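Structure at a glance
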Amino acid sequence: RGDDGTPKRAVGIHIDINERKASEHSLETERDMFAEGPAVVFKWRNEDGWPVEYVSDNVTETFGYTPEQLQSGAVPYDDLVHDDDLSRVISEVEANSDDTTERFSHDPYRMVTADGEVKWVTDNTKIVREDGEPVHYLGYLIDITERKRLEQRLRALQRVASELATARSVEEIGETAVDAATDVLGLDLTGIWSYDERADALEPITETELSRTVIGDSPRFEPGDSLAWEAFDVGELRTYDDLSGIEGRYNAETQIQSQILLPLGEHGLMSTGSTEPREFTEMDADLFMILGAAVEAAMGRAERGRGLRRADARAGRVGSVAGQAPPHSRPGPNGSPV
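In this report, we go over the structure that sits alongside the text.

Criteria and thresholds
- Residues numbered from 1 in each chain as written.
- Predicted model: local features only at pLDDT ≥ 70, side-chain atom pairs only at ≥ 80, totals over all residues.
- Heavy atoms only, no water.
- Helix = DSSP H or I, 4+ residues; strand = E, 2+ residues; numbered from the N terminus.
- Buried < 20%, exposed > 50% of the residue type's maximum accessible area, 1.4 Å probe, protein only.
- Contact = heavy atoms within 4.5 Å.
- Areas by Shrake-Rupley, 256 points an atom, 1.4 Å probe, with all protein chains shown as cover.
- Axes fitted to C-alpha atoms, helices over the stretch in contact; angles between N-to-C directions.
- Parallel < 35°, antiparallel > 145°, perpendicular 65-115°, else oblique.
- Nonpolar A, V, L, I, M, F, W, Y, C, P; charged D, E, K, R; others polar.
- Pairing = 2+ DSSP bridges.
- Expected span 1.5 Å × (residues − 1).
- Arc of directions from axis to C-beta.
- Patch = residues over 30% accessible without salt bridge, like charges linked within 9 Å, V, L, I, M, F, W, Y side chains within 5 Å.
- Salt bridge = Lys/Arg side-chain N within 4 Å of Asp/Glu carboxyl O.

Observations regarding the overall build of the protein
Within the protein, the regular secondary structure consists of ten helices and eleven strands. Put simply, the protein has 338 residues, and 36% of those count as buried. Sequence separation of at least 24 residues holds for 49% of the intrachain contacts in the protein that already meet a minimum separation of 6. Within the structure as shown, the protein displays about 20500 Å² of accessible surface, and the carbon and sulfur contribution to it stands at 48%.

What follows is the structure in structure tokens.
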């Protein structure tokens, strides 16, 4: 500027920041990818309680806390870790914070959300060091709660299959199966029918308690009278998310609004449903089919067992008759009948 303050000229420099802007763009892209995905990104300080220095915005959707609550220390991170898992998580951090480790993964552990829900997570962490000492941990957590629930259900279904393997009657098989449908799969409107070849009909075996309350006694299905018979006849799984517009229902006034019909081979049919229109997931159907496969195998074994017992009984009757003297016979000289 001149003596009177009037601008005379401008002097400046231009710095090429193309590389920095590209780097910032890359970081923003990565941040957006995490923010919209299942991974919650954390940066913790290596201090007691692991104070949160940074957390991605999607933490609110996953755990119910805002980034400000966690970054301010109002909610310490270790308060989120389930009490039964906290000591193990601490031990894993300590064991991996040696001079040789750069990254490590925790065994899955539980987190408690703001509303008290328990969620399972995987935790993959990188150690940030200064002068060889850990100062920060960078990690991302992924909610695997549904996967853990699936694993628990599959293990429970394995136990149910073992129980079904020792069942001797269709009644025992039915009770075990509907209990599993309710307790393991949460499908509490489930019933089982056995095919009676002589009557050419599906005869009810058993149903869950809620089924008895909602629809009363289970119906008997005959050729052409229902969607259930149609599914059994063609041997095909049928899923109905909304039965209100479907023709061929056995009872148009039924409270069952959604249904899965699963044929059990030649042995019968298993059904589950809901009193409200419900979109059954692929996982619902898959787990129901796993249970159904165990029931079908058990019914096959029970049928073969009945056949063997009938054959033994017939053989016993024939043997008994063969060892008796015919009517009106008298013993011969050597004691044999004549």
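Having seen it, we continue.
Section: the packing of helix H6 (residues 145-165) against helix H7 (residues 170-183)
Two elements in contact, H6 and H7, have axes separated by 10 Å at closest approach and are oriented at 170 degrees. Relative to H7, the element H6 lies roughly antiparallel. Listed contacts from H7 to Val-160, Glu-163 and Leu-164 of H6 are Ile-173, Thr-176 and Ala-180. The residue makeup of the contact of H6 with H7, split by class, is four nonpolar, one polar and one charged.

Details of the environment of Met-270
Residue placement: Met-270 occurs in strand E11 (residues 268-274). For Met-270, a relative accessible area of 0% gives the class buried. For the pair Met-270 and Thr-190, spaced 80 residues apart in sequence, the C-alpha to C-alpha distance is 7.3 Å. Setting aside chain neighbours within four positions, we find Met-270 in contact with Thr-190, Gly-191, Ile-192, Ile-260, Leu-261, Leu-262, Leu-264, Phe-288, Leu-291, Gly-292 and Val-295.

Digging into the sheet that holds strand E9 (residues 238-240)
Strand order in the open sheet formed by five strands is E8-E7-E11-E10-E9, and the pairing between neighbours is antiparallel. Each of the sheet's edge strands pairs with one partner strand only, and the pair in question is strand E8 (201-207) and E9. Along the sheet, successive strands turn relative to each other by an average axial angle of 20 degrees, direction set aside. Most of the contacts of H7 go to E8, to which it runs at about 60 degrees, and overall it touches strand E7 (190-196) and E8.

Notes on helix H5 (residues 83-96)
Taking 1.5 Å per residue as the helical rise, H5 with its 14 residues ought to reach 20 Å, and the 21 Å between its terminal C-alpha atoms agrees with that figure. Looking only at H5, the buried set comprises Asp-85, Val-89, Glu-92 and Val-93. Taken down its axis, H5 places every buried residue within 100 degrees of arc, on the same side. Exposed residues lying more than 90 degrees from the buried face of H5 are Asp-83, Ser-87, Glu-94 and Ala-95. Contacts from the buried residues of H5 go to strand E3 (103-105), strand E4 (109-112) and strand E6 (133-143).

Remarks on the pairing of E11
Most of E11 sits out of view: seven of its seven residues are buried. Judged by which residues are buried, E11 turns out to be covered on both faces: Gly-268, Met-270, Thr-272 and Ser-274 on one side and Leu-269, Ser-271 and Gly-273 on the other are all buried. Of the strand pairs in this sheet, E7 and E11 are connected by five bridges, and their pairing is antiparallel. Across the sheet, Trp-193 pairs through a bridge with Leu-269, a residue of E11. Taking the residues that link successive antiparallel strands as the turn, the strand E10 (residues 258-263)-E11 hairpin has four residues, and the phi of Gly-265 there is positive, at about 60 degrees.

Focus on a nonpolar patch on the surface
Residues Ile-13, Ile-15 and Ile-17 make up a contiguous nonpolar surface patch of about 330 Å² in total accessible area. For Ile-15, the position within the fold is in the segment before helix H1 (18-35). Residue classification places Ile-15 among the exposed residues on the basis of a relative accessible area of 64%.

Considerations on helix H9 (residues 227-234)
What H9 keeps buried is the set Leu-227, Ala-228, Trp-229, Ala-231 and Phe-232. Of the surrounding elements, those touching the buried residues of H9 are E7, E8, E9, E10 and E11. In the stretch just after H9, Gly-235 is the one whose phi turns positive, near 65 degrees.

Quick word on the side chain of Ser-226
Mapped onto the secondary structure, Ser-226 falls in the loop between helix H8 (209-215) and H9. Accessibility expressed as a relative area gives 6% for Ser-226, which makes it buried.

Structural notes on the pairing of E6
Across seven bridges, strand E1 (residues 39-45) lies against E6 in antiparallel orientation. Paired with Ala-39 across the two strands is Ile-142, which belongs to E6. By the bridge criterion, ten bridges tie strand E5 (residues 118-130) to E6 in an arrangement that is antiparallel. Bridged to Glu-130 within E6 is Glu-133. Connecting E5 to the antiparallel partner E6 that follows it, the hairpin turn spans two residues, and Asp-131 within it adopts a positive phi of roughly 55 degrees.

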